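Working through the structure, step by step
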Amino acid sequence: MIETIDRLLQQLSRSRPEPPFGLKLWDGSERRYGQGKLAFVLDLCTPEAAVDVVARGSLGFGEAYMTGRLDVQGDLQQLLAFESHPAVRELHISALQKAKFMAGYLRARNSAKRSRENVRHHYDLGNDFYRLWLDESMTYSCAYWRDDCATLEEAQEAKHEHLCRKLQLEAGDRLVDIGCGWGGMLAYAARNYGVEGVGYTLSTEQCQWANERLRAEGLHPRVRVELKDYREAEGEFNKFVSIGMFEHVGKEFYSTFFEKTASLLTPEAIGVLHTIGKDVETQLDPWVTTYIFPGGYLPTVAQMAEPLGNAGLLLTDLENLRPHYGRTLDEWIARFEAHRDEVAARFGEEFVRMWRYYLNASAVGFKTGGTRLYQITFTKGINSGLPWTRECLYTG
Ligand SMILES: C[S@@+](CC[C@H](N)C(=O)[O-])C[C@H]1O[C@@H](n2cnc3c(N)ncnc32)[C@H](O)[C@@H]1O
């Protein structure tokens, strides 16, 4: 096992000499790869960790990190950046493990019933937990660094403003927000643009918190949040937004999602779908779908464009905010680490390691891996009133 790992690390080091790194084994022995100061040391604390790394793919690696069988001293993101290396991708999991994982994935498919459980798994960890590391508006999606010196709070506000401009929001507009989380976008749009609207979430904790916040600001019931699946959304709207929710839909339900969207919208309505995605379809990450986002699936543009068009929606613009999400995640990681003792006291050490791994792996995905952040603007049918340029996004 160790020789296989050693060969793999040598191969990685040859193809990417920078940064140098080290390997430490349970018997205290150490090896180094590359010259100079080590960026990280991969510490296999038990012999089982070697099996995890070589024979159990990303699931084994993630589980070994969570449980502490494996540790990383130094820069975890530099280590995780090797995950997209072809030699690492070639570390196959057995056919049996793959079959088990696929069975689990199929069980987690986002039917209306299963979506509730999947959402609860992630979002009902408690508002107190998310309050520790999200910004004040409790926005849990990519921020927008129009100004490089902005704080996370300001960058989240800038994201909401960017979306409002894409939506051409005006007083009296009726806005629906599918997957509204703690209601940050609705609050911003009501406060600054005088819209009415409804948001939908499947998280009980989010729904309560969001409505309390809207009441406290005097915005409720002009804007309100309902605890419903997107398939149960009702009403007629001329503006549509969905931020960081489409990742929970699952490709089997893309047509359902866009048909539902179209059914909620008046002719010429404008919408923006803000979602993590990939340019190229790749295999699901078994660790992420097992521990973090059961039922999660990242779409390609092609997978979205066709059902969107088939539903009578017209794609008018597409922006990729990839680097903005890397930075957002780094801000969350810094806040999370500042509160790691509180998180450990509430959920235990393994949970801290699980979330550290998830946040850092996500950051690396945006910085150097295959993950993207798409904002897709669309209209219902042709809207000939739309501006012909993007100037209005940046002026005024
Ligand atoms: C990553 S959070 C984003 C929240 C918010 N839009 C933001 O930017 O902070 C994803 C949201 O999608 C919601 N969601 C996931 N699946 C859903 C479904 N089937 N129907 C309605 N909401 C759903 C979750 O409840 C959660 O509020």
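Residues numbered from 1 in each chain as written. Predicted model: local features only at pLDDT ≥ 70, side-chain atom pairs only at ≥ 80, totals over all residues. Heavy atoms only, no water.

**Section: the side chain of K159**
For clarity, the threshold we go by: In this text, helices come from DSSP runs of H or I with a minimum length of four residues, and strands from runs of E with a minimum of two, each type numbered from the N-terminal end. Per-residue accessibility, obtained with a 1.4 Å probe over protein chains only, is compared with the maximum for each type, and a residue is labelled buried under 20%, exposed over 50%, and partly exposed between these values. Residues scored as positive are Lys and Arg, those scored as negative are Asp and Glu, and His as well as the terminal groups of each chain are ignored. Should a side-chain nitrogen of Lys or Arg be within 4 Å of a carboxyl oxygen of Asp or Glu, the pair is scored as a salt bridge. Working rule for contacts: check all heavy atoms of both residues, and any pair within 4.5 Å makes them a contact.
Turning to its location among the elements, K159 is positioned in helix α9 (residues 152–166). D135 provides the closest opposite charge to the buried, salt-bridge-free K159, at an N-O distance of 7.8 Å. Once residues within four sequence positions are removed from consideration, K159 is found in contact with T139, S141, C142, A143, Y144, I243 and H274.

**Looking at the packing of aromatic side chains**
How we decide: Note on aromatic pairs: the rings of Phe, Tyr and Trp (six-membered ring only in Trp) are paired at centre separations within 6.5 Å, and the planes decide the class, stacked below 30 degrees, edge-to-face beyond 60, tilted for the rest. For a Lys NZ or an Arg CZ to count as sitting over a ring, it must be within 6 Å of the ring centre and within 35 degrees of the ring normal.
Counting across every chain of the model gives 36 aromatic pairs. A ring pair is formed by Y325 and W332, whose centres lie 5.9 Å apart and whose planes are at 80 degrees; its orientation type is edge-to-face. With respect to burial, Y325 and W332 carry one shared label: buried. Seen from the ring of F253, R231 lies directly overhead, with NZ or CZ sitting 5.2 Å from the centre.

**Comments concerning unusual backbone geometry**
At the junction of E18 and P19, the peptide bond is cis and its omega measures out at -5 degrees in the coordinates. One can find P19 in the loop between α1 (2–15) and β1 (21–24). One non-glycine residue, M138, lies in the positive phi region at around 55 degrees. Summarising the element assignment, M138 is placed in the loop between α8 (127–133) and α9. Of note in the backbone geometry, Q168 takes a positive phi value of approximately 55 degrees without being a glycine.

**A closer look at the environment of A155**
Checked against the element boundaries, A155 lands in helix α9. Spatially, the C-alpha atom of A155 lies 9.7 Å from that of D135, the residues being 20 residues apart in sequence. The contact partners of A155, leaving out residues within four places of it in the chain, are A143, Y144, W145 and A150.

**As for the packing of helix α15 (residues 322–338) against helix α17 (residues 349–367)**
Our working definition: Between N-to-C directions, angles cover 0 to 180 degrees, with each direction set by a line fitted to C-alpha atoms, over the stretch in contact for helices. With respect to orientation, any angle under 35 degrees is reported as roughly parallel, any angle over 145 as roughly antiparallel, any angle of 65 to 115 as roughly perpendicular, and every other angle as oblique. Two helices that cross are described as forming a left-handed crossing if the nearer one is turned anticlockwise from the farther one by less than a right angle, and a right-handed crossing if clockwise. Note on residue categories: nonpolar means Ala, Val, Leu, Ile, Met, Phe, Trp, Tyr, Cys or Pro, charged means Asp, Glu, Lys or Arg, and polar means any other residue, Gly included.
Between α15 and α17, whose axes approach to 8 Å, the crossing angle comes to 160 degrees. Considering their axes alone, α15 and α17 lie roughly antiparallel with respect to each other. For the element pair α15 and α17, the recorded crossing hand is left-handed. Residues R322, Y325, G326, L329, D330, W332, I333, F336 and E337 of α15 form the contact with α17, whose own contacting residues are V352, W355, R356, L359, N360, S362, A363, F366 and K367. Class assignment for the residues of the contact of α15 with α17 results in 10 nonpolar, three polar and five charged.

**Some words on the sheet that holds strand β2 (residues 30–33)**
Keep this limit in mind: A pair of strands counts as paired when DSSP detects no fewer than two bridges linking them.
Here four strands make up an open sheet; going across it, the order is β2-β1-β3-β4 and the pairing mixed. Strands at the two margins of the open sheet, each flanked by one partner only, are β2 and β4 (70–74). Each neighbouring strand pair of the sheet contributes to a mean axis angle of 20 degrees, computed without reference to strand direction. Pairing between strand β3 (residues 40–44) and β4: five bridges, direction antiparallel. Bridge pairing in β4 links L44 to L70. Helix-sheet contacts for α1 involve β1, β2 and β3, and the interaxial angle to β2 is about 25 degrees.

**Some remarks on helix α14 (residues 301–310)**
The criterion, for reference: Here, the arc refers to the directions that run from the helix axis to the C-beta atoms.
Regarding α14, the residues found buried are Q303, M304, P307 and L308. For α14, the angular spread of the buried residues around the axis is 115 degrees, confining them to a single face. Exposed side chains of α14 directed beyond 90 degrees from the buried face belong to A302, E306 and N310. Where the residues of α14 are buried, they touch α12 (254–264), β9 (265–278), β10 (313–320) and β11 (371–380). Backbone geometry just after α14 places G312 at a positive phi near 85 degrees.

As far as function goes, none of this settles anything; it's purely spatial.
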